[in-house]
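Per-entry structural report
Listed below are the residues making up each chain.
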Amino acid sequence: MTFRPNVVYPPGVLDCRGSDRSRVLGHALTNPGLVVIAGPRGTGKTAMVRATGVPLLAARALAPLRHRAGLPLARAIRTALPVDDVALGAEAVRIRLGERALLVEDVQHADAYTLAVLASVAPAVPIVVTLRTPSPIADRLRAVSRLWLDLPPPPAAVGSSVRTLVGMPVAARTALA
């Protein structure tokens with residue numbers, strides 16, 4: 001499937017796998033608009049974005065720092081933002097991005113100011129966010145996104161194996177290898 005700019009692909013419509021998905025995502029990130037990659041923990045959302053090879057400025061929204069308005073954006077563009085002015089914040093993000101795309105990981109933890117700036121600047125620059133689902137902000141993001149990719153959960157066996165190995169002592173993990 002070829003990505004067409006300014007077309008909204010509802011969940012399930014863009015049903016491609018592996019390199020096709022990366023190619024479509026890479027093409028989408030060369031055009032302005034908000035791209036949402038949604039899925040449960042451990043589905044490779046961030047890895048998929050990085051595999052596109054598109055130049056990025058990136059930051060992660062952290063739940064414990066949600067009270068710090070605009071922190072994910074300020075960390076990505078490496079400068080303070082005027083947290084009392086969404087339009088000015090959006091302009092600062094647009095200018096600092098240059099020819100790069102913006103990646104905000106774990107956007108479900110973002111504060112209201114960050115979400116407002118993302119919505120304001122999205123028509124002018126390529127933005128990709130990763131969203132752990134289910135999430136209470138999914139509907140708000142879906143309303144302003146240009147492309148939405150739902151990733152399926154990882155196979156149960158893989159998830160349980162990883163959890164088992166992480167909880168094991170190093171000697172036991174080495175013995176299993």
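Structure report, in brief.

Parameters at a glance
Residue indices begin from 1 for each chain and proceed along its sequence in written order. This being a predicted model, a pLDDT of at least 70 is required before a residue's local features are given, and a value of 80 or more before pairs of side-chain atoms are given or counted; all residues contribute to the totals for chains, interfaces and linings. The side-chain quantities take in all heavy atoms of the structure and omit both hydrogens and water. If DSSP finds at least two bridges between two strands, the strands pair. Only DSSP runs of H or I with at least four residues qualify as helices, and only runs of E with at least two residues qualify as strands; both kinds are numbered from the N terminus onward. Here an axis means a line fitted to C-alpha atoms, over the contact stretch when the element is a helix, while the angle between two N-to-C directions is reported on a 0 to 180 degree scale. Any helix carries an expected span of 1.5 Å times its number of residues minus one. A 1.4 Å probe rolled over the protein chains alone gives each residue an accessible area, and that area as a share of the maximum for its type sets the label: buried under 20%, exposed over 50%, partly exposed in between. Directions pointing from the helix axis toward each C-beta atom define the arc. The criterion used for residue contact is that any of the two residues' heavy atoms lie within 4.5 Å. Any pair of nitrogen or oxygen atoms within 3.5 Å is treated as a polar contact; in protein, a donor-acceptor pairing is required on top of that, and neighbouring residues in sequence qualify only through side-chain atoms on both sides. We define a nonpolar core as any set of buried Ala, Val, Leu, Ile, Met, Phe, Trp, Tyr and Cys residues linked to one another through side-chain atoms lying within 4.5 Å. Paired rings are identified among Phe, Tyr and Trp, the last through its six-membered ring, by centres lying within 6.5 Å, and are further divided according to the angle between planes into stacked (under 30 degrees), edge-to-face (over 60) and tilted (the rest). Here, a charge over a ring is recorded when the distance from Lys NZ or Arg CZ to the ring centre is within 6 Å and its angle to the ring normal is within 35 degrees. The salt bridge definition used is simple: a Lys or Arg side-chain nitrogen within 4 Å of an Asp or Glu carboxyl oxygen. Cavities and pockets are found on a 1 Å grid laid over the protein atoms alone: a cavity is a set of points where a 1.4 Å probe fits but cannot escape, a pocket is an open set with protein on both sides within 12 Å along at least five of seven lines, and a lining residue has an atom within 4 Å of such a point. Grid points are joined across faces, edges and corners, and a volume is the space filled by probe spheres set on the points. Amino acids outside the nonpolar list (Ala, Val, Leu, Ile, Met, Phe, Trp, Tyr, Cys, Pro) and the charged list (Asp, Glu, Lys, Arg) are all regarded as polar, and Gly is one of them.

1. Structural notes on the sheet that holds strand E1 (residues 33–39)
- One open sheet holds the five strands; their spatial order is E2-E3-E4-E1-E5, and the pairing between them is parallel. Every interior strand has two partners, whereas the edge strands, strand E2 (56–60) and strand E5 (145–150), have only one. Averaged over all pairs of adjacent strands, the angle between strand axes in this sheet comes to 15°, irrespective of strand direction.
- In this sheet, E5 lies alongside E1 in parallel orientation, the contact comprising five bridges. Counterpart to Val 36 in the pairing with E5 is Trp 148.

2. Describing helix H4 (residues 86–97)
- When the terminal C-alpha atoms of H4 are compared, their 16 Å separation across twelve residues agrees well with the 16 Å that a helix rising 1.5 Å per residue should span.
- Those residues of H4 lying buried are Gly 89, Ala 90, Val 93 and Leu 97. One face of H4 carries all of its buried residues, which in axial projection span an arc of 100°. Opposite its buried face, H4 presents the exposed residues Ala 87 and Ile 95, each directed more than 90 degrees away.
- Packed against the buried residues of H4 are E2, helix H3 (71–77), strand E3 (101–105) and helix H5 (112–121).
- The N-cap of H4, judged by a side-chain oxygen 3.2 Å from the amide nitrogen of Ala 87 a few residues on, is Asp 85.
- Phi turns positive, to about 60°, at Gly 98, one or two residues after H4.

3. Brief notes about the nonpolar core
- Of all hydrophobic cores here, the largest spans 31 residues; its most connected members are Val 93, Leu 102, Val 107, Ile 127, Leu 131 and Leu 141.
- Those elements giving two or more residues to this core turn out to be E1, E2, H3, H4, E3, H5, strand E4 (126–132) and helix H6 (138–144).
- For this core, the leading source of residues is H5, giving five residues.
- With residues near it in sequence (within four places) discarded, Leu 102 still touches Leu 57, Leu 73, Ala 76, Val 93, Leu 97, Leu 118, Pro 126, Ile 127 and Val 128.
- Judged by nonpolar contacts, the second largest core, of 14 residues, contains Val 54, Leu 147, Leu 149 and Leu 151.

4. A word on the packing of aromatic side chains
- Within the structure shown, the criterion is met by zero aromatic pairs.
- Its end group placed over the ring of Trp 148, Arg 142 keeps NZ or CZ at 4.0 Å from the ring centre.

5. A word on the pattern of salt bridges
- Applying the stated rule across the entire model yields five salt bridges.
- Arg 50 is the salt-bridge partner of Glu 105, the closest N and O atoms lying 3.7 Å from each other. Placement of Glu 105 in strand E3 and of Arg 50 in helix H2 (residues 45–51) is noted, with a sequence separation of 55 residues between them.
- A salt bridge links Asp 106 to Arg 60; its shortest N-O distance comes to 2.5 Å. Here Arg 60 lies in strand E2 and Asp 106 lies in the loop between E3 and H5, a separation of 46 residues in the sequence.
- For Asp 106, a relative accessible area of 10% gives the class buried.
- Through salt bridges with shared partners, a single ionic network connects Arg 50, Arg 60, Glu 105, Asp 106 and Arg 132.

6. With respect to empty space enclosed by the protein
- According to the stated counting rule, one finds one cavity of 30 Å³ or more in the structure shown.
- Of the volumes computed, that of the largest cavity is approximately 40 Å³.
- Considering the residues around the largest cavity, the lining is formed by Arg 60, Leu 62, Leu 65, Arg 66, Arg 68, Leu 71, Pro 72, Arg 75, His 109 and Asp 111.
- Broken down by element, the lining of the largest cavity gets its largest block of residues, three residues, from H3.
- Among the residues forming the lining of the largest cavity, the class breakdown is four nonpolar, one polar and five charged.

7. Quick look at the environment of Leu 88
- Among the secondary structure elements, Leu 88 is positioned in helix H4.
- Judged by its relative accessible area of 47%, Leu 88 is partly exposed.
- Taking C-alpha positions, Leu 88 is 8.9 Å from Val 117, a pair spaced 29 residues apart along the chain.

All quantities given are derived from atomic positions and should not be read as evidence of function.
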